[in-house]
Amino acid sequence: MTDAPVPGSPLAAVLINDSGTTKIVLFYLLRHNNINVFATTMTATTSPAADSWDVSSRVCLSPAPTYAITGIKAGVAGTTVPLRLEVDTWYPGQTETHIMQNSLFLHAVKILQKKDPVAKLSFFQIAGIHGMPYKPWDEDTDPVTPDEGYCTHDSLLFPCWHRPYMLLYEQALFEIMTKEVIPQLPESDRKKWTDAANTWRLPYWDWAQKKTREGKDKPIYDVPLITKDPRIEVVNLKTPATTFYMDNPMYKFTMPKNKAMGLYGISDIDGVPFSKSVGTSRWAPYDPDAKTASTKWVNGLVNNSKVADALDNHPWYGNLKKPDQVPIAEMVYRLYVPDYIGNFTKFATTKYKTSDDYDKDEPAAFLSLEYIHNNIHNWTGGFDKYIGHMTEVPVAGFDPIFYMHHANVDRQFALWQAVYQKEDDINWFQKKKEQLKDDGTWSIKAGDIDTPSTPLAPFHMDTKGTYFTSDDIRDWMKWHYSYPELQPWLDKYKKDGKFDVDLYIADVRKQIKDLYSPGGDEDDTSGETTDGTTTASAKALASKPSRGLDYGWEKWTQDVIVNIIYDRFAFDGVPYTLYLFIGDPHQFALDDPNHLNEHVQNVGFVFTFSNPILPQLNTRGCQSCQRKKAEGTKSRAQVPITGALVARLQEDGQPAPSLPAGIPPLLGLGSGHVQTYLKDNLHWRVRSHTGQDLHIPHENPFVEVSVYHRNARFDVRSPDRYQRLPGATNTRPGGYGYSLQV
């Protein structure tokens, strides 16, 4: 495929004789107000500036065509669309189709990554949409909000904006498969490989589902197998019966011709030399005092074992009794529990909106998809003097794992839409009271209200510049893909020959519970209707063995959550992490841990995943971040700690559990016991992404930590509401009620 002419490049040169003098006339293609124009100049050494021309020197042509994101239309059969599969069920392939798709995908990613960084459909340019280099993509526009990019984090549009982004990446790879990879095969093999490509869709990485791994005696959280090794086996396209090993494009991205990213607009971030990066990193050691970047850092250092450790071994109460506990899964499961998250706005974003109709009496809704997503970025990239591209918003899109991560974010979004598809007041944000002000993007004016019709720039539905909107992407199957849990065309959802939406919703809820609930199918309430009755279709669903006994599920008679309000831009947008601990603070001080996430008292953390304000005068900084800092924009998060408390629970008449030093037993889950226990044992610390401890001021702290208690399990419908326990937090800076005690 030949790239279109680059604006500003000469298209042709013609020699002419002007009154006996020979001159060179250069013809240029330039852009002006999104219009292609031809211009001529009599100098062969200098490109003309658009603002120096007369109108008579321009010949206006048709508007420059935009790249139409249509989704992959191939492989659709009636109402049945191909599935995006969990990556570890797809690679390494166990069927002929999957084996072909594995090689098609890897060859295509490799080709995409090798494309010239200035080409619109190069990996570099697609990755740069997410953050740096803060330039327009597929449009020639000036920013509506000055010096602003396309950032949608801490935004109501967070899941919607990333949906066409994943469609773009998926479609770009498919086009490479069909136009650049398959033509390299012998002609006799091309049809079956084309058939395999037609049913391929971008795999997702379900980071909330434990994986079976060779050498491990139980399933663990882990990175996908396809990302693990620096070299990977693929089919030899010239002789498909043979294979060979090539550099793995899913292990890391390496710049074409080993050029530094800084040559194409990537800047350093809080002193971390991303401008010098040639390859991407995960959990690369970083010394902020080093005067020069190490060769390993420059070339890209990947430590997938550290990623797996961060995903699987974060204590979060799992290391106290060593049961098969699933804290990531539990947080994901809470997103789908009826009545836990009240509407789309709360589900979608970490943005904290202080209004009576938004957060009053709904402390459960401090949990959000974006918050869980933020933590995955942190665990994958690295922290505490380890750093990687996934940790930083401006460069996260350059790590190839980013796209499988966000395919799963899109899947979680689709699952939420599916289970609430009958409840239009909940599953979308057409209500004005649920719509939030935008902080401003390249195409959205600061202060404008985000609605379902807000353009999702820079993504276009056609060649005429029509932007996607949230309403356009609401039905994901319209874009020719779905997920394993979401196949409404299956016969099992038919009743009397017709599709039964209640049967479908009940089964989707059951699949979610099987995957993520701490208690498995025990005490299944997923088929309840809003009046507390149970549908016949839900009763008919079979149950899988519960993991609840391993999880202490029978003791979960109440629920305790920690809610955090925080200022993402307290340190000029530099990301930081708030770590929560339950144990003796004096013992904690004696331990003086180097890595807070590995401390035995750690029960969770909140990662801001914020976009640093860039001080360089020659760099388009994140004006959104600067404005949010000035306005004191707040975000919200939640850490459920019931499991942590159950692990510390001393039952009536029973001896105290065997606990590590510095962690006393809890005498009961009642609100009185919990408040007294946490007053003495709940504490927190804040660290920057590069490992520096950050002080929480006594006055005007940048965080507010609150504890809430409910006299019922989180997934049980009950009139009991969450009640704040002010005594649990009011003795420490940053705790709710602390200022009243000073």
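Residues numbered from 1 in each chain as written. Predicted model: local features only at pLDDT ≥ 70, side-chain atom pairs only at ≥ 80, totals over all residues. Heavy atoms only, no water.

Of regular secondary structure, the chain possesses 23 helices and 20 strands. Within the chain, the fraction of its 742 residues that count as buried is 57%. Within the chain, counting contacts between residues at least 6 apart in sequence, those at least 24 apart form 68% of the total. Element-wise, carbon and sulfur atoms account for 51% of the exposed surface of the chain, whose accessible area totals about 29800 Å². (Helix = DSSP H or I, 4+ residues; strand = E, 2+ residues; numbered from the N terminus. Buried < 20%, exposed > 50% of the residue type's maximum accessible area, 1.4 Å probe, protein only. Contact = heavy atoms within 4.5 Å. Areas by Shrake-Rupley, 256 points an atom, 1.4 Å probe, with all protein chains shown as cover.)

With 185 residues, the main nonpolar core has Phe-105, Tyr-165, Leu-168, Ile-226, Ile-641, Leu-645 and Leu-678 as its most contacted residues. With 14 residues, helix α4 (residues 158-181) is the single largest residue contributor to this core. Sequence-distant contacts of Ile-226, that is, excluding residues within four places in its chain, are made with Val-87, Trp-90, Tyr-91, Phe-105, Leu-106, Ile-232, Asn-248, Met-250 and Met-404. (Core = buried A, V, L, I, M, F, W, Y, C linked by side-chain atoms within 4.5 Å.)

Summed over the entire model, instances satisfying the criterion amount to 45 aromatic pairs. With a centroid separation of 6.5 Å and an interplanar angle of 65 degrees, the aromatic rings of Phe-344 and Trp-416 are classed as edge-to-face. Taken together, the residues Phe-344 in helix α10 (residues 344-348) and Trp-416 in helix α13 (residues 401-419) connect sequence positions 72 residues apart. Here the two residues Phe-344 and Trp-416 agree in accessibility, since each one is buried. Each ring, one from Phe-383 and one from Phe-605, has its centre 5.9 Å from the other, and the planes form 65 degrees; the classification is edge-to-face. Of the two residues, Phe-383 is situated in the loop between α12 (369-381) and β8 (386-387) and Phe-605 in strand β15 (residues 602-607); the sequence distance between them amounts to 222 residues. Classification of Phe-383 as buried rests on a relative accessible area of 2%. Among the aromatic residues, those joined into a cluster by ring pairs are Phe-123, Phe-124, Trp-161, Tyr-165, Tyr-169, Phe-253, Tyr-264, Phe-398, Phe-402, Tyr-403 and Phe-459. One residue, Arg-84, lies across the ring of Tyr-481, its end atom 3.7 Å from the ring centre. Arg-724 extends its terminal NZ or CZ atom over the ring of Tyr-736, reaching a point 3.7 Å from the ring centre. (Phe/Tyr/Trp six-rings, centres within 6.5 Å; stacked < 30°, edge-to-face > 60°. Lys NZ or Arg CZ within 6 Å of the ring centre and 35° of its normal.)

With 79% of its residues at a pLDDT of at least 70, the chain reaches an overall mean of 83. Throughout residues 1-11 the model reports pLDDT below 50, and contacts reaching past four residues in sequence, or to other chains, amount to 21 contacts. A low-confidence stretch, residues 13-23 (pLDDT under 50), is modelled with 18 contacts involving residues beyond four sequence positions or located in other chains. (pLDDT = per-residue confidence, 0-100.)

The next thing to look at is the sheet that holds strand β17 (residues 682-688). Sheet architecture is open: four strands sit in the order β15-β14-β17-β18, paired in antiparallel fashion. For this open sheet the edge positions go to β15 and β18 (693-694), each flanked by a neighbour on one side alone. Where strand β14 (residues 576-582) and β17 come together, seven bridges link them in antiparallel fashion. Following the sheet pairing, Thr-577 is matched in β17 by Arg-687. Packing of α12 onto the sheet brings it into contact with β14 and β15, and relative to β15 it is tilted by some 100 degrees. (Pairing = 2+ DSSP bridges. Axes fitted to C-alpha atoms, helices over the stretch in contact; angles between N-to-C directions.)

The next subject is the pairing of β15. Among the six residues in β15, six count as buried, and that is most of the element. Bridge analysis of β14 against β15 gives five bridges, and the strand direction is antiparallel. Bridging across to β15, Phe-581 finds its partner in Asn-602.

With that settled, the discussion passes to the sheet that holds strand β20 (residues 723-724). Spatially, the four strands line up as an open sheet ordered β16-β13-β19-β20, and their pairing is antiparallel. Of all strands in the sheet, those bounded by a partner on one side alone are β16 (635-640) and β20.

In most cases, non-glycine residues show a negative phi, while peptide bonds are predominantly trans. Omega for the peptide link from Tyr-91 to Pro-92 comes to -5 degrees, which places this bond in the cis form. Of note, Pro-92 is situated in the loop between α1 (87-90) and α2 (96-114). Note that the residue after Met-132, namely Pro-133, is joined by a cis bond; omega there is 15 degrees. Considering the arrangement of structural elements, one finds Pro-133 in the loop between α3 (123-128) and α4. Despite not being glycine, Tyr-134 shows a phi value in the positive range, around 55 degrees. Among the secondary structure elements, Tyr-134 is positioned in the loop between α3 and α4. Although it is not a glycine, Asp-138 adopts a positive phi angle of roughly 55 degrees.

Our focus in this paragraph is the packing of helix α9 (residues 327-336) against helix α16 (residues 501-516). Running from amino to carboxyl end, α9 crosses α16 at an angle of 160 degrees, the nearest separation of the two axes being 9 Å. Accordingly, the angle class assigned to the pair α9 and α16 is roughly antiparallel. Regarding α9 and α16, the two cross each other, and that crossing is left-handed. Taken together, the residues of α16 that come into contact with α9 (itself represented by Ala-329, Glu-330, Val-332, Tyr-333 and Tyr-336) are Arg-509, Ile-512, Lys-513 and Tyr-516. Its residues assigned to classes, the contact of α9 with α16 comprises six nonpolar, no polar and three charged. (Parallel < 35°, antiparallel > 145°, perpendicular 65-115°, else oblique. Left-handed = near helix turned anticlockwise from the far one by under 90°. Nonpolar A, V, L, I, M, F, W, Y, C, P; charged D, E, K, R; others polar.)

This paragraph deals with the environment of Gln-417. Relative to the assigned elements, Gln-417 resides in helix α13. Given the relative accessible area of 6%, Gln-417 is considered buried. Sequence separation of Gln-417 and Tyr-336 is 81 residues, and the distance between their C-alpha atoms is 9.9 Å. In contact with Gln-417, other than residues within four places in its own chain, are Arg-163, Asn-427, Trp-428, Arg-474 and Trp-476.

Right, let's talk about the side chain of Gln-601 for a bit. Counting through the fold element by element, Gln-601 comes out in the loop between α19 (585-591) and β15. Within the structure, the side chain of Gln-601 is placed 2.8 Å from the side chain of His-683, a separation counted as a polar contact. Each residue touching Gln-601, except ones within four places of it in the same chain, is listed here: Leu-580, Phe-581, Ile-582, Gly-583, Asp-584, Gln-587, Phe-588, Arg-648, Gly-662, Ile-663 and His-683. (Polar contact = N/O pair within 3.5 Å; in protein donor to acceptor, adjacent residues only side chain to side chain.)

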